[in-house]
Amino acid sequence: MIRIPFLDSHTGGEPTRLITSLPFDLGTGSVADKLSMLKKNHDDLRRTVLLEPRGSDVLVGAYLVPPADPTCQFGVIYFNNVGYLGMCGHGTIGLIASLAYLGKVQPGVIRVETPVGVVEATLHRGSSSEAYRAPTHYPNKVSVQNIPAYRHLTHVPVTVDGKTIHGDVAWGGNWFFLCHDHGLEVNIQNLESLTDFAWRIREQFTANGITGANGAEIDHVELFASTPEADSKSFVLCPGKAYDRSPCGTGTSAKLACLYGDGKLQAGQIWKQQSVVGSIFEGSIQIQDNRIIPTITGEAWVMSEGMILVDERDPFGSGI
Ligand code: PYC
């Protein structure tokens, strides 16, 4: 029987399953090197941890790994039901709150190496939430200064079922297509239509050769709408067809880069992005050496702690 401890949290409704110790060695290379080794030799662990019957399509996983960058305290590799993510905003907020719960970090700045670069998380001393008033509770409000975000393509037309919509292609740690003129209601009652439409937009990228920089696959689609409760509301479809319950940290980073490009956001200005389930991230940017550096703030909650058990006789032990 293989035993793997896990800790689950959610950030604005989007879950993160944290695995703090891997049952194999990934060497001393960079976190990007470790990701290559995982992809090549250990993808069965991703399936075991995340897929049914143990997990579900909604879960995002996080492996805590040693960083190679000496300025970082931790390394992390995020994964989902179909593969691996470059960075994950909600996941980093979940990671830091989970490490605070475990007593492994204190309020302050924590540098984390990801496969796409170093991000700087700030664990805040207090929280806006009622629950934190109890002194024994762990701090759970985190700001993540992401890697630089940028817009790659502007106002790209895509035709789905004879209807042409437009979107920007932007990088925020993953590749996003950001669309406003889809004409759909962005709310929780409309999830099926939103998922179907976003998926069919995505299919058009392959059919029409629309990619991120250097031919990178665009694997996230964001459909935006207005809301009285924030500056914008969005539905975000993730690579494995699950929708993001949070406002998506890397997606909000991509959005901030586009807003800045359109002259609609200044450095330091706060942008509130609401998810389709109603949770909110606050975002802002700084400009450093002509690069757009987004910071995303949100709260995460630990919600279960346990042990994954893999019985070698179980035919579905490493996922369906
Ligand atoms: O918060 O960056 C994010 C994210 C990516 C995929 C799911 N959440």
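Definitions and limits used
- Residues numbered from 1 in each chain as written.
- Predicted model: local features only at pLDDT ≥ 70, side-chain atom pairs only at ≥ 80, totals over all residues.
- Heavy atoms only, no water.
- Helix = DSSP H or I, 4+ residues; strand = E, 2+ residues; numbered from the N terminus.
- Rg over C-alpha atoms; globule rule 2.2 N^0.38 Å.
- Buried < 20%, exposed > 50% of the residue type's maximum accessible area, 1.4 Å probe, protein only.
- Contact = heavy atoms within 4.5 Å.
- Areas by Shrake-Rupley, 256 points an atom, 1.4 Å probe, with all protein chains shown as cover.
- Lys, Arg positive; Asp, Glu negative; His and termini not counted.
- Charge placed at Lys NZ, Arg CZ, Asp CG, Glu CD.
- Near = heavy atom within 4 Å.
- Polar contact = N/O pair within 3.5 Å; in protein donor to acceptor, adjacent residues only side chain to side chain.
- 1 Å grid on protein atoms, 1.4 Å probe; cavity = no way out; pocket = protein on both sides within 12 Å on 5 of 7 lines; lining within 4 Å.
- Sits in = over half its atoms within 2 Å of the grid points.
- Points joined across faces, edges and corners; volume = space filled by probe spheres on them.
- Nonpolar A, V, L, I, M, F, W, Y, C, P; charged D, E, K, R; others polar.
- Core = buried A, V, L, I, M, F, W, Y, C linked by side-chain atoms within 4.5 Å.
- Expected span 1.5 Å × (residues − 1).

Regarding the overall build of the protein chain
So, point 1. Across its full length, the protein chain carries five helices and 16 strands.
So, point 2. Whereas a compact globule of 320 residues would reach a radius of gyration of roughly 20 Å, the protein chain reaches 19 Å, a difference of no more than 12%.
So, point 3. Counting across all 320 residues of the protein chain, residues that qualify as buried make up 54%.
So, point 4. Counting only contacts in the protein chain whose residues sit at least 6 apart along the sequence, the fraction spanning at least 24 positions is 63%.
So, point 5. For the protein chain, the exposed surface amounts to about 13600 Å²; the carbon and sulfur share of it is 49%.
So, point 6. In the protein chain, the 25 positive side-chain charges and the 33 negative ones have mean positions that sit 2 Å from each other.

Regarding the site of the ligand
So, point 1. Around the ligand, a shell composed of Cys 88, Gly 89, His 90, His 220, Cys 238, Asp 244, Cys 248, Gly 249 and Thr 250 is seen.
So, point 2. Within the side chain of Asp 244, a nitrogen or oxygen atom sits 2.8 Å from a nitrogen atom of the ligand.
So, point 3. Between an oxygen atom of the ligand and a main-chain N or O atom of Gly 249, the distance comes to 2.7 Å.
So, point 4. Of the pockets mapped on this structure, the ligand occupies the largest cavity.

With respect to the layout of surface pockets
So, point 1. In this model, the largest pocket occupies a volume close to 250 Å³.
So, point 2. Among the secondary structure elements, those contributing two or more residues to the lining of the largest pocket are strand S9 (150-160), strand S10 (163-171), strand S11 (175-179) and helix H5 (249-261).
So, point 3. Tallied by class, the residues present in the lining of the largest pocket amount to four nonpolar, five polar and six charged.

Some points on the nonpolar core
The nonpolar side chains of a soluble globular protein tend to be buried with one another.
So, point 1. Within the largest apolar cluster, 62 residues are counted, with the highest numbers of intra-cluster contacts made by Leu 95, Ile 96, Phe 177, Ile 201 and Phe 235.
So, point 2. Not counting residues up to four positions away in its chain, the partners in contact with Phe 235 are Val 186, Leu 191, Leu 194, Thr 195, Ala 198, Val 221, Glu 222, Leu 223, Tyr 243 and Val 276.
So, point 3. Core analysis: the second largest hydrophobic core is formed by 19 residues, Leu 35, Val 49, Phe 79 and Val 310 among them.

Observations concerning helix H3 (residues 89-101)
So, point 1. Helix length check: H3 (13 residues) gives 18 Å between terminal C-alpha atoms against 18 Å at 1.5 Å per residue, within 8%.
So, point 2. Within H3, 12 of the 13 residues are buried, leaving the element largely enclosed by the surrounding structure.
So, point 3. Every buried residue belonging to H3 is among Gly 89, His 90, Gly 91, Thr 92, Ile 93, Gly 94, Leu 95, Ile 96, Ala 97, Ser 98, Leu 99 and Ala 100, and all of these are buried.
So, point 4. Following H3 by one or two positions, Gly 103 has its phi on the positive side, about 80 degrees.

By themselves, these are just geometric observations and shouldn't be taken as functional.
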